[in-house]
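Single-letter residue listing:
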Amino acid sequence: LMPIRVPCPGCRSSGGDASGNNLTLFDDDPSRGYCFKCRKSYSVSGEKVQRTKQDFVDLEVVKTYPVRVSRGLPVSQEVLERYGVRSSIDEQTGEVNAIYYPYHDQDKNVVGYKVRRIPKTFSVIGKVKGMFGQAQCKNNAKLLIITEGEKDTLAVFEMLNRKGKDWNVVSLPNGANEAGEIDEATRRELEWIVSHEKILLCFDMDAPGRETAKALAELIASQSTVAIMDLPRKDAAELLIHGEEELWWKALSGSKPYRPECIVEGKDISLAELRKPKQPGYELPYPQLQRMTWGLRKGEITTISAGSGIGKSLWAREIMYHMAKKHGLRVANIALETTMEDMVRYYIAMDNNVPGYKLMFNPDCIPEREYERSYREIIASGKMDFFKHWGSLDADLLMNKMYYFAKVLKVDFILLDHVSMVIAGNDSQNERKDIDKLFERETQVVTETGVGIVNIIHLKRVPGKNYNKGDEVELVDLRGSAGAEQMSFNVWALERNQQADEQSKRDVVKIRVLKNRLTGFTGLAGAAIYDHESGRLNPLETSYEGE
């Protein structure tokens, strides 16, 4: 059956398939086809393509084609006959113009051919089942070599045959792909693949080959010993063509068992590395909180929560200002309920011990010289960066911004004020699930980049609790199901009675540690008091301290 080839919609959508013949239609259903370029199946819109008598060639006819060594690949007649590879000849030039690689069913009957037309276009006759060379493999063999394509299988077996080796060698039915995905045809053969004790992956050295080898190794490493060969040329066929068989054998003998990602044997752990002290946390401006937590650390998620209007945003700014001013660290500010300009004004006001609201309405409350000094030292010095956005924000966009702050600008900490505004930009209508996903993705950011993230998150409405009157905050009170609680390294809360009879009591904020993954100390961690003259939330050592 000579295949019908039509334009591939996937390739065309990305500007490819100029020749309009990437998609090979299936024999039994011409309304569908497979693209060997983008490695995907597609349905063909419109009426089914009708085949003519000229389109059909019986499989038995292909079996009568000669076994002939193709130009450029030094594979013996013996090897070609072993694998049943056939060739068609150009009547005018007498040269091979197409190579037919047979595929078999479980009874080892030829059910289809993959056709490679010289120089390198592919099509299918009949059905491609299993792996190329599988019918020639011995039962109960201990070793299996898998290559990326049929040509490499022939090359590998040729090199084995020259040394009297008769090992099982097969190739992937659909080659490798840039995404490193294992196609369904290969997955159907996994049980047979892992029946071998040792598996060698001899794939191409380009990106698709390496990614696919890694993905396949991850699938089978738990059931068989698997190794990935590192070749000095693009593939095994290139080594054979250049007469470098010994380099292939060297690569084979040098291949080491593949170890799945994140698996580390104890003997490979360096004692010297273990004895290196972890980077200490940066000292906090609140003494009792510092003693209980050992400071604010990079590479961790710290979550701050409190009732509405208690002062969590002010407190977070106090901590970020302290990181920049005292420790010289670089801080990124993602404030979704405060304009970028007001965030800058808050920090300048803080640096001059002036309430932020006063500075906003009266810039002259700070002498011009001091205003310029604070701007120069805190804002323009590279210690503070900002995200100019107000309102809800798509979570994917937020992650991109966080990665940019961490990887490109090399910030030490990112302040997100606040989580609920990010979730408000989603369309899922499932706030708890969205919060969990956000914290999960933040965990990836801190793990990959080492940046520290400080989140501000709201509390649930809990019957019987009134946070505005200073009721105790518990870990289960955080918004979301469990993401913020489980994925945060540290959770700190503020408690304040906004309705106290005396102003002095309304200004006192209790600090409570709800989670402390490093030291485990939780409970009350001192207090802070709001100073109306300076607009600062200053530490207050009182009887509120934790044990």
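For the structure, see preceding data.
Residues numbered from 1 in each chain as written. Predicted model: local features only at pLDDT ≥ 70, side-chain atom pairs only at ≥ 80, totals over all residues. Heavy atoms only, no water.

Draft legend 1. Just helix H15 (residues 368-379), in detail. In this model, H15 (12 residues) spans 15 Å end to end at C-alpha, consistent with the 16 Å of a helix rising 1.5 Å per residue. Where H15 is buried, its residues contact helix H12 (312-325), helix H13 (340-351) and strand E15 (384-386). (Helix = DSSP H or I, 4+ residues; strand = E, 2+ residues; numbered from the N terminus. Expected span 1.5 Å × (residues − 1). Contact = heavy atoms within 4.5 Å.)

Draft legend 2. Representation of the sheet that holds strand E5 (residues 86-89) in the model. An order of E5-E6-E7-E8 is seen for the four strands of this open sheet, with the pairing classed as antiparallel. A strand with exactly one partner marks an edge of an open sheet, and here the two such strands are E5 and strand E8 (121-126). Each strand axis lies, on average, 25° off the axis of its neighbour in the sheet, ignoring direction. Bridge count for strand E6 (residues 96-104) against strand E7 (residues 110-117) is seven bridges, and the pairing is antiparallel. Within the sheet, the bridge partner assigned to Tyr 100 lies in E7 and is Val 115. In this fold helix H4 (residues 150-161) packs onto E6 and E7, with an angle of close to 85° to the strand it touches most, E6. (Pairing = 2+ DSSP bridges. Axes fitted to C-alpha atoms, helices over the stretch in contact; angles between N-to-C directions.)

Draft legend 3. Quick look at the side chain of Gln 136. Among the secondary structure elements, Gln 136 is positioned in the loop between E8 and strand E9 (143-147). Beyond its immediate stretch of four places on either side in the chain, Gln 136 contacts Arg 82, Tyr 83 and His 104.

Draft legend 4. Highlighting the nonpolar core. Counting 45 residues, the largest nonpolar core has Trp 315, Ile 319, Met 320, Met 323 and Tyr 347 as its most contacted members. Per-element accounting of this core gives the leading share, eight residues, to H12. Residue contacts for Trp 315: discarding those within four places in its chain leaves Tyr 286, Leu 289, Ile 304, Trp 492, Leu 494, Ile 511 and Leu 537. Among the nonpolar cores identified, the runner-up in size contains 36 residues, and Phe 387, Met 421, Leu 478 and Ala 493 belong to it. (Core = buried A, V, L, I, M, F, W, Y, C linked by side-chain atoms within 4.5 Å. Buried < 20%, exposed > 50% of the residue type's maximum accessible area, 1.4 Å probe, protein only.)

Draft legend 5. Spatial organisation of the packing of aromatic side chains. On inspection of all chains with the given rule, the structure shows 12 aromatic pairs. Arranged with centres 5.3 Å apart and planes meeting at 65°, the rings of Tyr 65 and Tyr 100 form a pair that is edge-to-face. Note that Tyr 65 is positioned in the loop between helix H2 (59-63) and helix H3 (77-83) and Tyr 100 in strand E6, a separation of 35 residues in sequence. On the accessibility criterion, Tyr 100 (3% relative accessible area) is buried. A ring pair is formed by Trp 167 and Trp 249, whose centres lie 6.0 Å apart and whose planes are at 70°; its orientation type is edge-to-face. Pair noted here: Trp 167 is in the loop between H4 and strand E10 (168-171) and Trp 249 is in helix H9 (residues 245-254), with a separation of 82 residues, a long-range link. Since its relative accessible area comes to 12%, Trp 249 is described here as buried. What links up through ring pairs into an aromatic cluster is the set Tyr 83, Tyr 101, Tyr 103, Phe 132 and Phe 157. The ring centre of Tyr 83 lies 5.5 Å from the NZ or CZ of Arg 82, which sits over that ring. Between Arg 317 and the ring centre of Tyr 346, over which it is positioned, the NZ or CZ distance is 3.8 Å. (Phe/Tyr/Trp six-rings, centres within 6.5 Å; stacked < 30°, edge-to-face > 60°. Lys NZ or Arg CZ within 6 Å of the ring centre and 35° of its normal.)

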